[in-house]
Amino acid sequence: MKWNKLGNPAFALGMALILLTTALAPAQDHHLSPEKRTQIEAAVSRFMASSHVPGVSVAVVENGEYEWGAGFGLADAENNVPASEHTLFRLASISKSLTATAAMQLWEQGKLDLDAPVQKYCPAFPQKQSPITTRQVMGHLAGIRHYKTGPDDLEIGNTKHFDNPIQAGLDFFKNDPLLSEPGKTFHYSTQGYTLVGCVMEGASGAKYVDFVRQNVFAPAGMDHTQVDDRFAIIPYRTRFYQKTESGAVQNADFLDSSYKIPGGGWLSSAEDMARFEVAILNDKLIKRSTRDLMWTPLKPSDGSKDGYALGWGNGEENGIAFVAHTGGQQGTSTAFTIAPSQRAGAVVLANMEGADAGDLAGEILKVLVGAGNASKK
């Protein structure tokens, strides 16, 4: 969809506000060189000019340390609230990388057998025509479907709030047949990550949300990452936007993501996600060997090429190997990427759906490592 400046008298005012609030928003600045910062800010400016997202937050990691973060534009366009590196955005599907890291902690501790049938830990999930394993579910090879779409999009646009998110999420899909033989074909599935959450509860004896908070967020210093609870008063949470076919920015469609927290229901900031990257790079959450296993792509039995590992995508651009994930849902577009050998990473969070946050994250990583575009495709 192309942005139509004609017939939109608020365009010039909106862009002026973006520039003003960007100037007013303080940035986290440790050691990032002025040259790199200038290049990154120019990339963000181009991204905002082309996509017209109201607000963006970015953060970067160099040498295994959180170096810089900043907000651009508006977290709340109605009240002229500037975005910052502390603004909380819907993570959407990059929630899967957080869940996968927590699951791999359980594997590392000997509490979770990745190759056992999922019913060993999640008896609420019915037996299927063939056994499926947690490894297959995490790599989207279990044959579990993605969202069921229809006239009302009741799954994609769920409006009901659930206090028991794992059980409620399972109820959306648990009785449906598998799309293919487990292990055979890649079928991306956010629903499948609810099953991973159920497995984690059975393996750990703790609620999924509590386990991730205590074992990923706390040691990584992710002090503000939390569930996207529409009833809670959450400081620094952005508003959520979408763009019409004519190019006008408006509030996004309503979503209650309480049914899919493990695969797309967390809120976080660019700063917190950079701290997650730092923790991963410095082996604070899992051992290096465990990390390598988590980042190793699976091999579908149908012989198709698969760049997805366990909750992480990976690839190579211009000689730079990277791991990454992107996400998108109502009111958000997200991406984060890590170049492990260079110990560098980038985070991009935007408060409008349909924006290519992955391209911007790749462009920022390119600035950091001085190589070609390393975005996740």
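Our subject is the structure listed above.
Conventions we followed
- Residues numbered from 1 in each chain as written.
- Predicted model: local features only at pLDDT ≥ 70, side-chain atom pairs only at ≥ 80, totals over all residues.
- Heavy atoms only, no water.
- Helix = DSSP H or I, 4+ residues; strand = E, 2+ residues; numbered from the N terminus.
- Buried < 20%, exposed > 50% of the residue type's maximum accessible area, 1.4 Å probe, protein only.
- Contact = heavy atoms within 4.5 Å.
- Areas by Shrake-Rupley, 256 points an atom, 1.4 Å probe, with all protein chains shown as cover.
- Salt bridge = Lys/Arg side-chain N within 4 Å of Asp/Glu carboxyl O.
- Core = buried A, V, L, I, M, F, W, Y, C linked by side-chain atoms within 4.5 Å.
- Axes fitted to C-alpha atoms, helices over the stretch in contact; angles between N-to-C directions.
- Parallel < 35°, antiparallel > 145°, perpendicular 65-115°, else oblique.
- Left-handed = near helix turned anticlockwise from the far one by under 90°.
- Nonpolar A, V, L, I, M, F, W, Y, C, P; charged D, E, K, R; others polar.
- Pairing = 2+ DSSP bridges.
- Phe/Tyr/Trp six-rings, centres within 6.5 Å; stacked < 30°, edge-to-face > 60°.
- Lys NZ or Arg CZ within 6 Å of the ring centre and 35° of its normal.
- Disulfide = S-S within 2.5 Å.

### Quick look at the overall build of the protein chain
Reasoning step 1: Counting its secondary structure elements, the protein chain contains 11 helices and 13 strands.
Reasoning step 2: The proportion of buried residues among the 377 residues of the protein chain is 57%.
Reasoning step 3: In the protein chain, once contacts between residues fewer than 6 apart in sequence are set aside, the share between residues at least 24 apart is 70%.
Reasoning step 4: Of the roughly 15400 Å² that the protein chain leaves accessible, carbon and sulfur atoms contribute 51%.

### A word on the pattern of salt bridges
Reasoning step 1: One pass over the full model with this rule turns up 15 salt bridges.
Reasoning step 2: Here R46 ties to E363 by a salt bridge, and the two come within 2.4 Å at their closest N and O atoms. Placement of R46 in helix α2 (residues 34–51) and of E363 in helix α11 (residues 357–369) is noted, with a sequence separation of 317 residues between them.
Reasoning step 3: Of the charged contacts in the structure, one is a salt bridge between E78 and R239, with a shortest N-O distance of 3.6 Å. A residue pair is termed long-range when its members are at least 10 positions apart, and E78 in the loop between β3 (65–76) and β4 (81–82) and R239 in the loop between β6 (226–227) and β7 (241–243) qualify at 161 residues.
Reasoning step 4: Three or more residues are tied together by salt bridges with common partners; here these are R145, K148, E155 and D176.

### Quick word on the nonpolar core
Reasoning step 1: If you look at the biggest cluster of nonpolar residues, it comprises 73 residues, and the most contacted ones within it are L195, W266, F276 and W312.
Reasoning step 2: A per-element tally of this core places helix α9 (residues 270–281) first, with eight residues.
Reasoning step 3: By size, the runner-up hydrophobic cluster in this structure holds 33 residues, among which are V60, W68, A335 and L365.

### Side note on the packing of helix α3 (residues 95–108) against helix α6 (residues 190–204)
Reasoning step 1: Where α3 meets α6, the closest approach of the two axes is 10 Å, and the angle between their N-to-C directions is 30 degrees. When the axis of α3 is compared with that of α6, the two are roughly parallel. Once α3 is placed against α6, the crossing between them reads as left-handed. Judged by residue contacts, K96, T99, A100, A102, A103 and L106 of α3 engage T190, Y193, V196, M200, A203 and S204 from α6.
Reasoning step 2: Class assignment of the residues belonging to the contact of α3 with α6 gives a composition of eight nonpolar, three polar and one charged.

### Quick word on the environment of P82
Reasoning step 1: Mapped onto the fold, P82 is located in strand β4.
Reasoning step 2: Separated by 27 residues in the primary sequence, P82 and G55 place their C-alpha atoms 7.7 Å from one another.

### Details of the sheet that holds strand β5 (residues 89–90)
Reasoning step 1: As summarised here, the arrangement of the three strands in space is β5-β9-β6, forming an open sheet in which the pairing is antiparallel. The outermost strands of the open sheet, each flanked by one partner alone, are β5 and β6.

### Concerning the pairing of β3
Reasoning step 1: Along β3, 11 of the 12 residues are buried, which leaves the element largely enclosed by surrounding structure.
Reasoning step 2: Looking at chain direction, strand β2 (residues 55–62) and β3 are connected through eight bridges and run antiparallel. Counted as the bridge partner of G55 is G73 from β3.
Reasoning step 3: Counting the residues that bridge the hairpin from β2 to β3 gives two residues, and of these N63 lies at a positive phi of roughly 50 degrees.
Reasoning step 4: Across two bridges, β3 lies against β4 in antiparallel orientation. Considered in β4, the bridge of L74 is made with P82.
Reasoning step 5: As consecutive antiparallel partners, β3 and β4 are separated by four residues, and within that stretch N80 has a phi angle of approximately 55 degrees, a positive value.

### What about the packing of aromatic side chains?
Reasoning step 1: As enumerated under the stated definition, the model contains 12 aromatic pairs in all.
Reasoning step 2: Both rings, one in Y208 and one in W266, keep their centres 6.1 Å apart while their planes meet at 45 degrees; by these two values the pair is tilted. Pair noted here: Y208 is in helix α7 (residues 208–220) and W266 is in strand β9 (residues 266–268), with a separation of 58 residues, a long-range link. Per residue, the accessibility class of Y208 equals that of W266, and both read buried.
Reasoning step 3: One aromatic cluster is present, formed by F276, W295, W312 and F336 through successive ring pairs.
Reasoning step 4: Of note, R90 hangs over the ring of F240, and the distance from its end group to the ring centre comes to 3.8 Å.

### Observations regarding the pairing of strand β10 (residues 313–317)
Reasoning step 1: Relative to strand β11 (residues 320–329), β10 runs antiparallel, the two sharing five bridges. Opposite G313, over in β11, you have A324 as the bridge partner.
Reasoning step 2: Hairpin connection between β10 and β11: a loop of two residues separates the two successive antiparallel strands, and N318 in this loop has a positive phi of roughly 50 degrees.

### Some words on the state of the cysteines
Reasoning step 1: One pass over the full model with this rule turns up one disulfide.
Reasoning step 2: Here C122 engages in a disulfide with C198; their sulfurs sit 2.1 Å apart. Handedness of the C122-C198 disulfide follows from its S-S torsion of about 95 degrees: it is right-handed. With C122 in the loop between α3 and α4 (134–138) and C198 in helix α6, this pair connects stretches of sequence that are 76 residues apart. The same class applies to C122 as to C198, namely buried.

### Details of unusual backbone geometry
Reasoning step 1: Positive phi outside glycine occurs at A92, with the angle close to 55 degrees.
Reasoning step 2: Looking at the element boundaries, A92 is found in the loop between β5 and α3.
Reasoning step 3: Of note in the backbone geometry, Y236 takes a positive phi value of approximately 75 degrees without being a glycine.
Reasoning step 4: Its location among the elements puts Y236 in the loop between β6 and β7.
Reasoning step 5: For Y236, a relative accessible area of 56% puts it in the exposed group.

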